[in-house]
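# Summary of structural features
So you can see what is in the structure, the chains are spelled out below.
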Amino acid sequence: MLQTGGFMEGGEVRGLLHPFLLLLIFERPGHGYELIERLERMGVGGVEPAQVYRVLRALERERLVVSTWVPSASGPARRRYELTSEGRTRLEAWMARLARLGHIVESCLSRWRKAVPATAPAPDRVTVRP
């Protein structure tokens, strides 16, 4: 079912957490909660922390990321995730796939804009009448 509350929610985002997290870790290694905050700033909010940690563990099992325990001055040590060379290769493959998907989505949106008269409500405001 399509969610309408935000850009990427629920099932739509689950399959994309892998490339999103790989990208964030490529940009700057970080720990779990920091990565969750960065996902939110990227527009991917409302992701369950448990789901993020499951994906991080899967990425580590696949040797796409490595983690180390880093002491914290303000609390317990935190697991810090870094990208491996295999992770960078997989990230590059994901980015190529997402670029193709972006092209398809843009094509769909372009067709929508042409098909809907300029006076029609925006797509997120379309109401279904019985």
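Thresholds, definitions, all that
- Residues numbered from 1 in each chain as written.
- Predicted model: local features only at pLDDT ≥ 70, side-chain atom pairs only at ≥ 80, totals over all residues.
- Heavy atoms only, no water.
- Helix = DSSP H or I, 4+ residues; strand = E, 2+ residues; numbered from the N terminus.
- Buried < 20%, exposed > 50% of the residue type's maximum accessible area, 1.4 Å probe, protein only.
- Contact = heavy atoms within 4.5 Å.
- Areas by Shrake-Rupley, 256 points an atom, 1.4 Å probe, with all protein chains shown as cover.
- Salt bridge = Lys/Arg side-chain N within 4 Å of Asp/Glu carboxyl O.
- Pairing = 2+ DSSP bridges.

For the chain, the helix and strand inventory stands at five helices and three strands. Counting from the amino terminus, the chain carries its helices and strands in the arrangement α-α-β-α-α-β-β-α. Counting the 130 residues in the chain, one finds 27% classified as buried. In the chain, the share of contacts with a sequence separation of at least 24, taken over all contacts with a separation of at least 6, comes to 47%. Accessible surface, the chain as shown: approximately 9200 Å² in total, 57% of it carbon and sulfur.

Evaluation of the coordinates by the stated rule reveals eight salt bridges. The partner of glutamate 34 in a salt bridge is arginine 38, and the shortest N-O contact between them spans 3.8 Å. Separated by four residues within a single helix, glutamate 34 and arginine 38 lie in helix α3 (residues 32–41), roughly one turn from each other. Grouping residues by exposure puts glutamate 34 and arginine 38 together as buried. With a closest N to O distance of 2.9 Å, glutamate 62 and arginine 90 form a salt bridge. Taken together, the residues span a long stretch of sequence, with glutamate 62 in the loop between α4 (49–61) and β2 (65–72) and arginine 90 in helix α5 (residues 85–115) at a distance of 28 residues. For arginine 90, a relative accessible area of 36% translates into the label partly exposed.

Before going further, it helps to spend a moment on α3. Each full turn of the α-helix corresponds to 3.6 residues, which orients residues three or four apart in the same direction. Where α3 is concerned, the buried positions are Gly32, Glu34, Leu35, Ile36, Arg38 and Leu39. Glycine 43 lies just past α3 and shows a positive phi near 100 degrees.

Next up on the list: the pairing of β2. Looking at chain direction, β2 and strand β3 (residues 75–83) are connected through seven bridges and run antiparallel. Bridge assignment links serine 67 to a residue of β3, and that residue is tyrosine 81. Here β2 hands over to β3 after two residues, the two strands then running antiparallel side by side.

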